[in-house]
Amino acid sequence: LKTWELILSGSGELTDGARAHLREIAAYASRVSCRHRALVEHFGQSLEAASCNACDVCLGELEAVDEPTVLAQKILSCVARVEQRWGVGHVIDVLRGRDTDQVLRVGHDRLSTFGLLEGFPIAELRGHIEQLLDHGFLERSEGDYPLLQLTPASWPLLRGEEEVALYRQQRPTPQAARRTRTEAVSWPAARR
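Remember, predicted model here, so these are calculated numbers, not experimental data.

**Student:** How should the pattern of salt bridges be read in this particular structure?
**Tutor:** Side chains that differ in sign of charge can pair as their charged atoms come close. Taken as a whole, this structure holds six salt bridges when the rule is applied. For the salt bridge of D93 with R98, the shortest nitrogen-to-oxygen distance reads 2.9 Å. Its relative accessible area of 15% is what places D93 among the buried residues. Assessed through its relative accessible area of 36%, R98 is described here as partly exposed. Note that R159 is salt-bridged to E161, the shortest N-O span being 3.1 Å. The exposure classification of R159 matches that of E161, with both residues exposed. Linked by salt bridges that have partners in common, E63, E124 and R168 make up one network.

What follows is the structure, given as structure tokens:
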């Protein structure tokens, strides 16, 4: 997302509409419902079948996250601790424990949520935040630089009175990774 924002700003094409479209693309990529249905509905049509049997969601290529409610509570807690005045990128930086100039300048390196999700890939955390937005546990403010904000639904989840399911792309098994490397090494035609 940031890469495309930089590309568009460099070309002078980063308008409010372009930012909104980039956010829509990020939300689409992070959703855990049929992607074909989302595309069809975007163009004003409907998909009658319960499953498209073609996208990663319908093919079961997503896996449930271990302890999703605890993960969601950590994310929501971070949004609360940064006082709901920062966007997705900054919240991710705090959760991952990144010592960026901005994080240090505002003292967010001293928050209890700093580095709480240190080992998580950025894309995966962004996906979880998008899912929480999709479920209504978070909302995004309007404007050029939208802020993450808690919703009335956030509080029961934070108190453990509600649960949530979060998903991510399946991680390759060691066997699949080994097979892929083996195939690449043993295919001499590709090196010619």
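**Student:** Which parts of the structure should I look at to understand the nonpolar core?
**Tutor:** Generally speaking, soluble globular proteins have nonpolar side chains that are buried together. Among the nonpolar cores identified, the biggest contains 27 residues, and I75, V91, I129, L132, L138 and L148 are the most heavily contacted of them. Looking at this core, the elements that each hand over two or more residues are helix 4 (68–81), helix 5 (88–96), helix 7 (122–135) and strand 3 (148–150). No other element matches helix 4, which puts six residues into this core. Other than its neighbours up to four places away in sequence, V91 contacts C78, V79, V82, W86, I129 and L148. Counting residues in each nonpolar core, the second largest holds five residues, with C34, L47, V57 and L62 among its members.

**Student:** Before we go on, may I ask you to explain the side chain of Q131 in this structure?
**Tutor:** Relative to the helices and strands, Q131 resides in helix 7. A polar atom in the side chain of Q131 sits 2.8 Å from the backbone oxygen of Y167.

Conventions we followed
- Residues numbered from 1 in each chain as written.
- Predicted model: local features only at pLDDT ≥ 70, side-chain atom pairs only at ≥ 80, totals over all residues.
- Heavy atoms only, no water.
- Salt bridge = Lys/Arg side-chain N within 4 Å of Asp/Glu carboxyl O.
- Buried < 20%, exposed > 50% of the residue type's maximum accessible area, 1.4 Å probe, protein only.
- Core = buried A, V, L, I, M, F, W, Y, C linked by side-chain atoms within 4.5 Å.
- Helix = DSSP H or I, 4+ residues; strand = E, 2+ residues; numbered from the N terminus.
- Contact = heavy atoms within 4.5 Å.
- Polar contact = N/O pair within 3.5 Å; in protein donor to acceptor, adjacent residues only side chain to side chain.

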